[in-house]
Amino acid sequence: MTKVSMTVNGKAVSGEAEGRTLLVEFLREGQGLTGTHVGCDTSQCGACTVHVNGEAVKSCTMFAADAEGAEVTTIEGMANADGSLGTIQQAFQDYHGLQCGFCTPGMVMIAADLLKNNPNPTEHEIRDYLEGNICRCTGYHNIVKAIQAAAGQSVPAVAAE
Amino acid sequence: MYAFDLVKPGTVAEAASALAGGEAQALGGGQTLIPTLKQRLADPGTLVSLSHIDEMKYVRESGGTVEIGGGTTHAMVAKAVADIYPGLADLAGRIGDPSVRNRGTIGGSLANNDPSACYPAGALGSGATIITDKREIAADDYFQGMFTTALDEGEIVTGVRFPIPEKAHYSKMPQPASRFPLVAVYVAKFADGVRVAVTGASEDGVFRWTEAEEALGANFSTDALGGLSASEDGMIADIHGTAAYRAHLIGVMTKRAVAEMS
Amino acid sequence: MPKDSGIGASSKRREDVRFLTGNGKYTDDINVAGQSYAHFVRSDVAHGRINSIDVSAAEAAPGVLKVFTAADFAEVGGVPCGWCVTDRHGNPMQEPKHPVLAEGKVRHVGDPYAVVVAESLSAARDAAELIEADIEELEAVIDMKAAVADGATKVHDDLTSNLCYDWGFVEENREAVDEAIKGAHHVTTLELTNNRLVANPMEPRVAVGEYDPWKDEHTLYTTSQNPHVIRLLMGAFVLGIPEHKLRVIAPDVGGGFGTKIFHYAEEAFCTFAAKALKRPVKWTSSRSEAFISDAHGRDHVTKIELAMDEEGKFLALRTDTYANMGAYLSTFAPSVPTWLHGTLMAGNYITPLIYVNVKAVFTNTVPVDAYRGAGRPEATFQLERVVDKAAREMGIDPVELRRRNFIDKSQFPYATPVAVEYDTGDYHATMDKLLEISDRDGFEARKAESAARGKLRGFGVAHYIEACGIAPSNLVGQLGARAGLYESATVRVNATGSISVMTGSHSHGQGHETSFAQVVADMLGIDEAQVDIVHGDTARTPMGMGTYGSRSIAVGGSAMVRATEKIIAKAKKVASHLMEASESDVEFANGQFTVAGTDKSVAWGDVCLAAYVPHNYPLEDIEPGLEETAFYDPANFTYPSGGYACEVEVDPETGQVEVLAFSAADDFGNVINPMIVEGQVHGGVAQGIGQALLENCVYDENGQLLTGSYMDYAMPRAYDVPMFTVDHSCQTPCTHNPLGVKGCGEAGAIGSPPAIVNAVIDALSGHGVEHIDMPLSPQRVWAAMHGKG
């Protein structure tokens, strides 16, 4: 066990970690930040996506010790300062971009990474960027719309009568 | 995972000494190794994380070549060489997915030499030189079969030097589940010839399709590929593709790469 | 004009806020003080005799509390099956024991034969490697037809064969169907496979068992779609724990799609071990473990024959199906290929004579049970594929052939020859709507445009019927169900007028917390925010049967309506007392009680307060308080229907299929929340695209699972699916439930696979390809086009 320190959602944290402790384990078990989920063990599903030093990574495929000193942002750090939903989160609710909610934290984190790198993506670019994030509920339709809306694009309301 | 010690050297020299014992294994971005460790298919004792070695993260252009540090992530390569070597940037920008590209490194990919990895095709197709902490190895000598390279135990890929071709393109047919290449072909056209490297297809890992190289060297057009077909012998056969299908795709992907470049 | 609240409004989902901020509470997020960790040791051979298991070294390893094997479960029951099918000859199915941990033999890769419980998961996994199991590998039984051949190795030595049952439906029709097929003008025959799938909810299964010795109370947190069903099955049949001592909590659950209906050995283990060890015990499945322990879906091999007259009118239909049960009978497994499949073989059509034969087979594979649609996708796929093939053979447009045989809306209620009575529907209307929204008229031009780019474009349709709103208890009881399938609701009105609704339904993505509140708020004329939905906890909700079979709004919603009606009736009595009016003169609307023809009124909140502060209250006539419970047992199934169209482009060089457009025109009857309904269709269609083009669970001949992770099991990703065009404006309300609703959860997965395959076959029509088995992977399409299939 060694002590690992990092900044998570703007707060300095530290905790014990083995060499094999994954970043996601450090966050979920060590820090009680259970919003980051584990949906697979082959680095495919993306439910564990967080930002490390401003870049999306799969926290199930990175050791906690390798994040020593890093700035980590998780889903718990994505709301506005007043606790209201951030732009992407709000768009996911407005456009019904989630159902069971399990993949959702990863989807929000990858969407934020996309919009940082490409503020006005096409539908094709959005779908491409979601390659490493699997959703089993929504069929992606409303996730794509939510990201388009979060990018400020004009998106028709859900369920037009 | 089995328990192991994770050490984090800050220099290549420190890393080399940490790996010297033989018990230790190098950890690049971990995008392949960590899933392997989770399945307890490896028990390294000590993992030497290479992510904290700044001298392995660079992109340098000089005299018709570009050299990329072994610790450079796919995402960094995709951005940094977009203008210098767009064919390679495009390949790097389509490896795995965005999160994987932010962690996976060129050195890690080449050291692992997965038969379905993308970078081996880029390196072999470019005629790159693999630079290690001990020596330089030509790509033609470096790839020695599935998961096998010319690297000695503990040897670290510190960089890769790519000659920059006139143009290059990577055509990839993804395996439906993993989205790794089922078959992918990297075609690079140099002033003095054409190189065609194939990944995903062969039981021997990445290889050069010399018949296509010769044909394209004589006439760089899709027509030149008309009469060629890759042999089924030694092709991987699995639930995603028979040997015949993979051999067929080699021709299709090569043709498409050439068409993109024409 | 869209409504902004209540029934018919696209109310935003209230549950989203906690999910979007990382504050959902899934089972793996629950950590109980002092918990220990269970690691299941699973067979790596498909079939083997357990000669010995030596756990001594493992038990001595650091951090290990105990290693369990079958011997520890000698005194408890096996994991029960909830349905008994009676075969063609009137005999009950063969039903093997399914022990919590393997006894004597292991029967599939993943069959657990030991469990290590330790202070940490790492310690448990480390110790598991010290277990010395002498397991003698036996020949594996994988192929279904080989499994029922004479002399086949038996999966269960104590059964007479690997045949679970040989079911005929309707058995009395058998000869008449044979005769009709012999004499018909034309018979179209198709042999096909309905590919084996893995449900893959994104949240893997988790169980946490806890035991309080001072109260002798067990608590199980589990990833279930139906906590009461788990309590009943596990309490009564496995562990012998009475219900009042067993609390089952299914908190936020990350998707189910059927595979979280069933009672699993891991749940029973954690509950049992928590008492044995006097420590909470937690088990979290990895995804790799899920592939070898979650019940799989589909896996039918079918021959279907459709007989027609000169005009293409259907005369008779005969099917012959082998259905894989896997190594053990999962909770509802026997019902899936029979009562959820055979009863739907009429589809939307008038077919006078139908005979369905199903042979259910044991194999050395993971148990197979319900997956989204469960039996109905298998029925719809074969029927809509054979109809499409028939249209080609008869030279009739596939839409026209369907229309010629549709049950007309004037014919409802319509009794099919396969024992069900459709209450409502208008199939011509959904087909009309489908052709409009899919722009079939513009297809030829689009096809030409694709051809100019060297691509083959195809258009396919399918029309489906499904039976959901499961189910009338007296009917399913006759069919072999060992449980009733009603649903419950308690509406608790609080003193200040807010409401808690306790429902036996369970939401794991469906948004019940929002849509159920819309119904109650609408009925009472109050703000939706005043209504909370409580679900997923046997200690807080009345006995209910849970969520599957598109039943929640049709059955659970109806229970809630009945309970709310009781509330209104009682509240009217209270209001009449407060207004000193005759009860029969009291009217209730928009949250106000009024007396007809007067200006007397009393608000909802005042009546609620009076019920709990009964100072001025008719105590001699009615009890104080305002809380009512209803159990609703449906009179019939509901029958959603619809037309689906898919447009694909095939790359002839690679065989890659791209779905360019997908349109769905559904008739769900009345709709509570259109946004949620459309989301359900999107998700179902994406799973159908997955089945048709990507997903396949493959075993090799030795029973090794070749698709045991996302590296080889192809999940649909964002770029595999298009934007969907969905419509639910064709509405023929259900006639027998109070909301007129039919259910929408499974439709997308039922109707889409045949539409997609029909589209690909249409695209390949110039290449002599009549059928390709799902998934239509690039390799398979290429091979079919080049005669290498």
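Within every chain, residues take consecutive numbers counted from 1 along the sequence as written. Following the order in which they are written, the chains are lettered starting with A and the ligands numbered starting with 1. A pLDDT threshold of at least 70 governs which residues receive local features in this predicted model, and a stricter bar of 80 or more applies before side-chain atom pairs are shown or counted, although totals over entire chains, interfaces and linings include all residues. Computation of side-chain values covers all heavy atoms of the structure but excludes hydrogens and water.

Draft legend 1. Examining the domain arrangement of chain A more closely. All names here are of chain A. For the domain bounds, the source is a domain assignment made automatically or taken from a database. If you check the domain split of chain A, you get domain 1 (2-78) and domain 2 (87-150). For domain 1 and domain 2, the distance between their C-alpha centres works out to 21 Å. The criterion used for residue contact is that any of the two residues' heavy atoms lie within 4.5 Å. With 19 residues of domain 1 at the contact, the number on the domain 2 side is 14 residues. In total, domain 1 and domain 2 occlude about 1300 Å² of area from one another, counting both sides; carbon and sulfur atoms represent 62% of this. Once two parts are joined, some of their accessible surface, as seen by a 1.4 Å probe, is lost; buried area is that loss totalled over both. By the criterion of area lost to domain 2, the three top residues of domain 1 are H37, I75 and M78, representing 35% of everything that side buries. Any Lys or Arg side-chain nitrogen located within 4 Å of an Asp or Glu carboxyl oxygen qualifies as a salt bridge. Here domain 1 is connected to domain 2 by zero salt bridges. N or O atoms within 3.5 Å of each other form a polar contact, as long as, within protein, one can give a hydrogen and the other can take it, and as long as residues adjacent in sequence are counted only when both atoms are side-chain atoms. Across the contact surface, domain 1 and domain 2 share nine residue pairs in polar contact (both at pLDDT 80 or more).

Draft legend 2. Structural view of the domain arrangement of chain B. Residue and element names in this part refer to chain B. Split into domains, chain B comes out as domain 1 (5-49), domain 2 (54-163) and domain 3 (168-261). Computed over C-alpha atoms, the centres of domain 1 and domain 2 are 18 Å apart. At the interface, eleven residues of domain 1 touch 13 residues of domain 2. Between domain 1 and domain 2, roughly 900 Å² of surface is buried when both sides are summed, and carbon and sulfur atoms account for 64% of that area. Considering only the surface of domain 1 that becomes buried against domain 2, V12, G29 and Q31 emerge as the three largest contributors, covering 52% of it. If you look at where domain 1 meets domain 2, you find one residue pair in polar contact (both at pLDDT 80 or more). Considering only residue class, the side of domain 1 that touches domain 2 consists of four nonpolar, seven polar and no charged. Gly is put with the polar residues, along with every residue not named as nonpolar or charged; the nonpolar set is Ala, Val, Leu, Ile, Met, Phe, Trp, Tyr, Cys and Pro, and the charged set is Asp, Glu, Lys and Arg.

Draft legend 3. Just the interface of chain A and chain C, in detail. If you look at the interface, chain A gives 52 residues, while chain C gives 57 residues. Regarding the contact of chain A and chain C, the summed buried area is about 4500 Å², with carbon and sulfur atoms giving 58% of it. Of all residues in chain A, the largest losses of buried area upon contact with chain C belong to Q93, R127 and R136 of chain A, amounting jointly to 18% of the total for that side. Summed over the shared surface of chain A and chain C, the result is five salt bridges. Salt-bridge contacts for R136 of chain A lead to E695 of chain C; the nearest nitrogen and oxygen are separated by 2.7 Å.

Draft legend 4. Focus on the pattern of salt bridges. All names here are of chain C. Applying the stated criterion to the full structure yields 74 salt bridges over all chains. Two residues, R42 and E266, come together in a salt bridge whose shortest N-O distance is 2.8 Å. Residue R42 is located in strand 1 (residues 36-42), and its partner E266 is located in helix 7 (residues 265-277); the two are separated by 224 residues in the primary sequence. In terms of burial, R42 and E266 fall into one category: buried. Only runs of H or I of at least four residues qualify as helices and only runs of E of at least two qualify as strands under DSSP, and these elements are numbered from the N terminus. Accessible area is worked out with a 1.4 Å probe on protein chains only. A residue is then buried under 20% of its type maximum, exposed over 50%, and partly exposed in between.

Draft legend 5. A look at the packing of helix 10 (residues 243-261) of chain B against helix 19 (residues 778-785) of chain C. To obtain an axis, a line is fitted to C-alpha atoms, over the contacting stretch when the element is a helix, and the angle between two such axes runs from 0 to 180 degrees between their N-to-C directions. For the pair helix 10 of chain B and helix 19 of chain C, interaxial distance at closest approach is 11 Å and the crossing angle is 90°. Here helix 10 of chain B lies roughly perpendicular to helix 19 of chain C, going by the angle between them. Contact with helix 10 of chain B, carried on its side by A244, Y245 and H248 of chain B, involves P778, Q779 and W782 of chain C of helix 19 of chain C and no other residues of that element. Considering only residue class, the contact of helix 10 of chain B with helix 19 of chain C consists of four nonpolar, two polar and no charged. Angle categories: roughly parallel below 35 degrees, roughly antiparallel above 145, roughly perpendicular from 65 to 115, and oblique for all the rest.

Draft legend 6. Main features of the side chain of H240 of chain B. Residue position: H240 of chain B is located in the loop between helix 9 (210-218) and helix 10. Residue H240 of chain B is classed as buried on the basis of its relative accessible area of 9%. Within the local environment of H240 of chain B, its side chain forms a polar contact with the side chain of D712 of chain C, the two groups lying 3.0 Å apart. Sequence-distant contacts of H240 of chain B, that is, excluding residues within four places in its chain, are made with Q175, P176, A177, L182 and Y245 of chain B together with M711, D712 and Q779 of chain C.

Draft legend 7. Up close: the nonpolar core. We define the nonpolar core as a collection of buried residues of types Ala, Val, Leu, Ile, Met, Phe, Trp, Tyr and Cys that are connected through side-chain atoms lying within 4.5 Å of one another. Ranked by internal contacts, the top residues of the largest apolar core, which has 196 residues, are F92 of chain A together with Y422 of chain C. The dominant element in this core, judged by the number of residues it contributes, is helix 17 (residues 674-694) of chain C, at ten residues. Aside from chain neighbours lying at most four places away, what touches F92 of chain A is G97, L98, M107, V108, A111, I143, A146 and I147 of chain A together with L20 of chain C. Counting residues in each nonpolar core, the second largest holds 46 residues, with V531, V595, V602 and W604 of chain C among its members.

Draft legend 8. Structural view of the packing of aromatic side chains. Residue and element names in this part refer to chain C. Aromatic rings from Phe, Tyr and Trp, taking only the six-membered ring of Trp, are treated as a pair when their centres fall within 6.5 Å; an angle between ring planes under 30 degrees marks them as stacked, one over 60 as edge-to-face, and anything in between as tilted. Taken as a whole and assessed by the stated rule, the structure comprises 36 aromatic pairs over all chains. Residues Y349 and F406 carry aromatic rings whose centres are separated by 5.8 Å and whose planes lie at 10° to one another, so their mutual orientation is stacked. Placement of the pair is Y349 in the loop between strand 16 (314-326) and strand 17 (353-362) and F406 in the loop between helix 10 (398-405) and strand 18 (414-415), with a sequence separation of 57 residues. Residue Y349 is classed as buried on the basis of its relative accessible area, which comes to 0%. Here F406 falls in the buried class, since its relative accessible area comes to 4%. Both rings, one in F662 and one in F724, keep their centres 6.5 Å apart while their planes meet at 85°; by these two values the pair is edge-to-face.

Draft legend 9. Expanded view of the interface of chain C and chain B. Contacts between chain C and chain B engage 24 residues on the former and 23 residues on the latter. Summed over both partners, the interface of chain C with chain B comes to about 2000 Å²; 48% of that surface belongs to carbon and sulfur atoms. Interface area lost by chain C to chain B is led by E653, Q779 and W782 of chain C, which between them contribute 30%. Viewed at the interface, chain B and chain C are joined by six salt bridges. In this structure, the salt-bridge partner of D126 of chain C is R40 of chain B, at a minimum N-O distance of 2.6 Å. Scanning the region where chain C abuts chain B turns up 17 residue pairs in polar contact (both at pLDDT 80 or more). Among the secondary structure elements, those contributing two or more residues to the side of chain C that touches chain B are helix 3 (121-128) and helix 19 of chain C. In the side of chain C that touches chain B, the residues fall into eleven nonpolar, five polar and eight charged.

Draft legend 10. Inspection of unusual backbone geometry at higher detail. Residues and elements named next belong to chain C. Note the cis peptide between F169 and V170, where omega equals -5°. Considering the arrangement of structural elements, one finds V170 in the loop between strand 7 (163-169) and helix 5 (174-182). That bond from M774 to P775 is cis: its omega, -5°, falls within 30 degrees of zero. Considering the arrangement of structural elements, one finds P775 in the loop between helix 18 (747-763) and helix 19. With phi around 50°, N590 is a residue other than glycine that occupies positive phi space. Along the chain, N590 falls in the loop between strand 24 (586-589) and strand 25 (592-595). Owing to a relative accessible area of 69%, N590 belongs among the exposed residues under this scheme.

Draft legend 11. Highlighting the sheet that holds strand 1 (residues 2-8) of chain A. Residue and element names in this part refer to chain A. If you trace the five strands from one edge of the open sheet to the other, you get 2-1-5-3-4, paired in mixed fashion. At either end of the open sheet lies a strand with only one pairing partner, and these are strand 2 (11-17) and strand 4 (55-58). Averaged over neighbouring strand pairs, the angle between their axes works out to 40° when direction is ignored. By the bridge criterion, two bridges tie strand 1 to strand 5 (residues 71-73) in an arrangement that is parallel. One bridge is not enough; two strands pair if DSSP finds at least two bridges between them.

Draft legend 12. Quick peek at the pairing of strand 28 (residues 641-650) of chain C. Residue and element names in this part refer to chain C. For strand 28, a buried count of ten out of ten residues is recorded, marking the element as mostly surrounded by other parts of the structure. Neither face of strand 28 is open: one carries S641, G643, A645, E647 and E649, the other G642, Y644, C646, V648 and V650, and all of them are buried. Note: strand 20 (residues 456-465) against strand 28, ten bridges, orientation antiparallel. Pairing of Y464 across the sheet is with G642, part of strand 28. Pairing between strand 28 and strand 29 (residues 657-667): ten bridges, direction antiparallel. When the bridges of strand 29 are listed, E647 appears paired with A661.

Draft legend 13. View of a nonpolar patch on the surface. Residues and elements named next belong to chain C. Note that patches include only residues with greater than 30% relative accessible area and no salt bridge, and the join distances are 9 Å for like charges and 5 Å for nonpolar side chains (Val, Leu, Ile, Met, Phe, Trp, Tyr). Every accessible area reported is derived by Shrake-Rupley at a probe size of 1.4 Å, with residue values counting cover from the shown protein chains alone. Together, L609, Y612 and V613 make up an exposed nonpolar region whose accessible area comes to about 230 Å². Here L609 lies in helix 16 (residues 604-612). Here L609 falls in the partly exposed class, since its relative accessible area comes to 41%.

Draft legend 14. Fine view of the environment of G127 of chain B. All names here are of chain B. Here G127 lies in the loop between helix 7 (119-126) and strand 6 (129-132). Measuring from C-alpha to C-alpha, the distance between G127 and V196 comes to 9.8 Å, with 69 residues separating the pair along the chain. If we skip the residues at most four places from it in the chain, G127 touches A139, P163 and R195.

Draft legend 15. View of helix 1 (residues 23-30) of chain A. Residue and element names in this part refer to chain A. Buried within helix 1 we find L23, V24, F26, L27 and R28. Next to the buried residues of helix 1 lie strand 1, strand 2, strand 3 (49-52) and strand 5. Backbone geometry just after helix 1 places G32 at a positive phi near 70°.

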